[in-house]
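Structural overview for review
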Amino acid sequence: MLKVTLRDDSVREVARGTRIVDILNELGGRLKKEAVAAVVNGLVVDVAHELKEDATLRFVTFEDDEGQDVYRHSSSHILAAAVKRLYSDVKLGIGPSIKDGFYYDFDYSESFVPEDLLKIEAEMAKIIKEDHPYERFELPRQEAIEYFTSLGEDYKVELIRDLPDDVVISCYRCGDFVDLCAGPHLASTGKLKAIKLLNLAGAYWRGSEMNPMLQRIYGTSFPKKSLLDAYLTRLEEAKKRDHRKLGKELDLFSMQDEGPGFPFLHPNGMILRNELEAYWRSEHQRAGYDEIKTPVILNRVMWEQSGHWDHYQENMYFTKIDELDYAVKPMNCPGSMLIYKTKMHSYRDLPIRMGELGLVHRHELSGTLHGMMRVRSFTQDDAHIFMLPTQIKEEVKKVIALTEKIYNTFGFDYHLELSTRPEKAMGSDEMWEVATTVLREVLDERGLPFVINEGDGAFYGPKIDFHLTDSIGRNWQCGTVQLDFQMPEKFDLSYVGEDGQKHRPAVIHRVIYGSLERFMAVLIEHFAGAFPVWLAPRQVLVIPISDKHHVYALSVLEALQEAGLRVEADLRNEKVGYKIREAQVQKTPYMLVVGDKEAEAQEVAVRERVAGDVGSIKVADFISKIQDEITTKAVPG
RNA sequence: GCUCACGUAGCUCAGUCGGUAGAGCACAUCCUUGGUAAGGAUGAGGUCACCGGUUCAAUCCCGGUCGUGAGCUCCA
């Protein structure tokens, strides 16, 4: 008999070879219905799994991450099965579960069109109804290769060949459909309830542009129709806060065919940006930064010196001046290096923190452009910190603290990633090892969770990235801290040490907003356009009830302007309701309705963006209230 | 850059199975002077992305270019 320890620490005795589903049946209740898989001694397995040894056993449902994974992965098999039934000569790629759904890649000579998705969905519904069990079987490597070769599944064969020697090669059969798969899966297709195919896209086989492009079908699935509907509604809602849509509606910026990837900032967007810059300057001054500005165009010799000519050329724009080659800067670092070099530095001067709101241009692939999230010209809130090697850790810590302080002002959620040495890199392995270790230590010491991005560092050094999330859950890198021992070398930077000799300083490159453009985009989506008062392009709108109240409205306008507020008065020949609706749509934080009563009492009837009508107060009281909100940078909600 | 889809008025979108176009909002003028999310009337506004081809005739069909969207690759 085997001992099985359940989640509540109760122990059951079962015969060797007992299937998990047998235990489930015995337990009954909700679990029997909802369990999609089980975790046995830490491994996720099918419910058909037979127990061979003592085990701790935990059931997983759709509520658990592992359960969602199994559910979606099983869904992707149905997708593949349906496609194989409907179309001949389709070869299978891979079909994993992903956040919020699943996909499957197909190699098919025709291209799928949106109508195909409906057909495929219908076929999937049939397969679900037929309630095929997912049956697992294992094959020796050679047999597996022969089997999938006989099916014409070349991609699967390639996958098998690349599997490590010690791995068990398993397949799942589901009706007449067989797929190479590690599993686990649901007990049967009938367990799947609500499935929807969402979209079609191309995707390179194994993610490499050297490989053929397959057709990827994305979908999602839930154990209940209501959950699927809720998800679809959430997607719809998220689209409403897309920064491209809001940017247009709130007249913040525009993108034009005349300059793809080069954003145009409108007056409203410029207010937002200027506020961000002002906040940035005050925080950086406080944190001991100086501010500089370096040229947008510099000569070829310098870009060769910096390494960009060799390592970054395909992303750069070039021009000729008086027959000589110049490049438009894709990064601000070389300019900062040149300023550092304009004079001798003592070790007593370090660290020197040089900030620059620097406009850079990068030739990004056309297909990657995305509103203001991904553009070809943008302003980085850059800074380069020149320091003694002994100061590195402390400075990295300070940068992270400043970043967290600034992000917290906006109430962002973010996660950290540590990127290591890329293939195309400058510098010795030792240097990379030392630099990467420093960054890792700082993260560990601060107890910050992070994921590691192997090979994703800059060509001159490893980095810590801060990722923020957009309205539909895509992550965008904003802040980054990069350690660099290369640039000081290339530019022969030095400081005079205690010993009177020249030494090499270390450099940190860092941005906090990342780029003003991307940060604004994230900000727009984060607040759904309803900015905190300190950022709102128009903070207050004065709304006179009729012509008779224009004089008083203008006096209120003037008082607020005098107090430094961004205020307008709507003197148009329209009704109050009309003006309020428009201000509401424009997400103006405060509307001040003024009529006979208010003029009489020298008051304003305050309407708040969210709360609505909150009653009348004295003009002076309103001013001090809103000013308080601005200085504390209060976040709405 | 790659795959697929899309491109009609300032915006959101109809439409024409080939005979040069329409709505709502916005805009302008007039009427209305109205107390917390759209008062009414009239009017102006489009080389149907651009360039070629097929055709008696192209916004519609075909090809190319540019741009946009979703994803891949790449990145702040």
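A brief structural summary. (Residues numbered from 1 in each chain as written. Chains lettered and ligands numbered in written order. Predicted model: local features only at pLDDT ≥ 70, side-chain atom pairs only at ≥ 80, totals over all residues. Heavy atoms only, no water.)

1. Quick notes on unusual backbone geometry
Residue Pro351 is reached from Leu350 by a cis peptide bond, and omega for that bond is 0 degrees. Position of Pro351 relative to the elements: it lies in the loop between α12 (333–340) and β20 (352–361). The backbone phi angle of Asp322 is positive, close to 50 degrees, even though this residue is not glycine. Tracing the backbone through its elements, the reader meets Asp322 in the loop between β18 (317–321) and β19 (324–328). With phi around 55 degrees, Lys633 is a residue other than glycine that occupies positive phi space. For Lys633, the location among the structural elements is in the segment after α20 (619–631). (Helix = DSSP H or I, 4+ residues; strand = E, 2+ residues; numbered from the N terminus.)

2. Focus on the pattern of salt bridges
Side chains carrying opposite charge are able to pair once their charged atoms draw close together. A complete count under the given rule lists 45 salt bridges for this structure. Note that Glu138 and Arg136 form a salt bridge whose closest N and O atoms lie 3.2 Å from each other. The partly exposed category is assigned to Arg136, whose relative accessible area is 39%. The salt bridge partner of Arg538 is Glu568, with a shortest N-O separation of 3.2 Å. Here the residue Arg538 occupies a position in the loop between α16 (516–527) and β29 (540–544), and Glu568 occupies one in strand β30 (residues 567–569), the gap between them amounting to 30 residues. Since its relative accessible area comes to 19%, Arg538 is described here as buried. Under the relative-accessibility criterion, Glu568 is labelled partly exposed at 42%. (Salt bridge = Lys/Arg side-chain N within 4 Å of Asp/Glu carboxyl O. Buried < 20%, exposed > 50% of the residue type's maximum accessible area, 1.4 Å probe, protein only.)

3. Considerations on the protein's contact with RNA strand B
If you check the shell around RNA strand B, you find 58 residues, and the closest are Ser366, Arg374, Ile545, Asn573 and Arg581. Between RNA strand B and Tyr578 there is a distance of 2.9 Å, counted from a phosphate oxygen to a side-chain nitrogen or oxygen. Between a base oxygen of RNA strand B and a main-chain N or O atom of Lys597, the distance comes to 3.4 Å. Element by element, the count of residues in the surface near RNA strand B is highest for helix α18 (residues 576–585), at 6 residues. Looking at the surface near RNA strand B, its residues break down into 18 nonpolar, 18 polar and 22 charged. (Near = heavy atom within 4 Å. Polar contact = N/O pair within 3.5 Å; in protein donor to acceptor, adjacent residues only side chain to side chain. Nonpolar A, V, L, I, M, F, W, Y, C, P; charged D, E, K, R; others polar.)

4. What to know about the layout of surface pockets
One water molecule sets the probe size; rolling that probe over the atoms shows where empty space is left. Of the volumes computed, that of the largest pocket is approximately 1,100 Å³. Around the largest pocket sit 39 residues that line it, and Tyr312, Met331, Arg362, Lys463 and Gln477 are the ones nearest its centre. When contributions to the lining of the largest pocket are tallied by element, the ones reaching two or more residues are β21 (377–387), β24 (463–469), β25 (475–484) and β28 (506–515). In terms of residues, the lining of the largest pocket owes the most to one element, β28, which gives 5 residues. There is about 870 Å³ of room inside the second largest pocket. (1 Å grid on protein atoms, 1.4 Å probe; cavity = no way out; pocket = protein on both sides within 12 Å on 5 of 7 lines; lining within 4 Å. Points joined across faces, edges and corners; volume = space filled by probe spheres on them.)

5. Brief notes about the sheet that holds strand β2 (residues 11–14)
If you trace the 5 strands from one edge of the open sheet to the other, you get β2-β1-β5-β3-β4, paired in mixed fashion. Among the strands making up the open sheet, the edge pair consists of β2 and β4 (43–45). With strand direction ignored, the average angle separating the axes of adjacent strands in the sheet is 35 degrees. As judged from the 2 bridges shared by strand β1 (residues 2–5) and strand β5 (residues 55–60), these two strands associate in the parallel manner. Following the sheet pairing, Val4 is matched in β5 by Ala55. Running at roughly 70 degrees to β5, helix α1 (residues 20–27) makes contact with β2, β3 (37–40), β4 and β5 of the sheet. Across the sheet, helix α3 (residues 65–86) lies against β3, β4 and β5, angled at about 65 degrees from β5, the strand it touches most. (Pairing = 2+ DSSP bridges. Axes fitted to C-alpha atoms, helices over the stretch in contact; angles between N-to-C directions. Contact = heavy atoms within 4.5 Å.)

6. Thoughts on the sheet that holds β30
An order of β30-β29-β31-β32-β33 is seen for the 5 strands of this open sheet, with the pairing classed as mixed. In this open sheet, the two edge strands, each paired with only one partner strand, are β30 and β33 (612–618). Neighbour-to-neighbour, the strand axes of this sheet turn through a mean angle of 25 degrees, independent of strand direction. Sheet topology places β29 next to strand β31 (residues 590–594); 5 bridges connect them, and they run parallel. Counterpart to Ile543 in the pairing with β31 is Val593. Along the sheet, α18 contacts β29, β31 and β32 (603–608); its crossing angle with β29, the most-contacted strand, is approximately 170 degrees.

7. Quick look at the packing of aromatic side chains
Any aromatic ring pair is given by two values, namely how distant the centres are and how the planes are angled relative to each other. Considering all chains together, one arrives at 29 aromatic pairs under this definition. Note on Phe410 and Phe519: the rings are 5.2 Å apart at their centroids and 75 degrees apart in plane angle, and the pair reads as edge-to-face. In this pair, Phe410 sits in helix α13 (residues 392–410) while Phe519 sits in helix α16, placing the two residues 109 residues apart along the sequence. Here Phe410 falls in the buried class, since its relative accessible area comes to 0%. Since its relative accessible area comes to 0%, Phe519 is described here as buried. Ring centres of Tyr513 and Phe519 lie 4.4 Å apart, and the angle between their planes is 40 degrees; this geometry places the pair in the tilted category. We note that Tyr513, like Phe519, is buried. An aromatic cluster of three or more residues is present, and its members are Tyr279, Tyr407, Phe410, Phe412, Tyr414, Phe466, Tyr513, Phe519 and Trp534. Above the ring of Phe222, the side-chain terminus of Arg72 is found at 4.8 Å from the ring centroid. (Phe/Tyr/Trp six-rings, centres within 6.5 Å; stacked < 30°, edge-to-face > 60°. Lys NZ or Arg CZ within 6 Å of the ring centre and 35° of its normal.)

8. Some points on the environment of Val606
Relative to the helices and strands, Val606 is located in strand β32. Among the residues examined, Val606 registers a relative accessible area of 2% and is labelled buried. For the pair formed by Val606 and Leu198, sequence separation is 408 residues and the distance between their alpha carbons is 45 Å. If we ignore the near neighbours within four places in the chain, the residues touching Val606 are Tyr590, Met591, Leu592, Gly612, Asp613, Val614, Gly615, Ile617 and Phe622.

Purely spatial values, then, with no claim about function.
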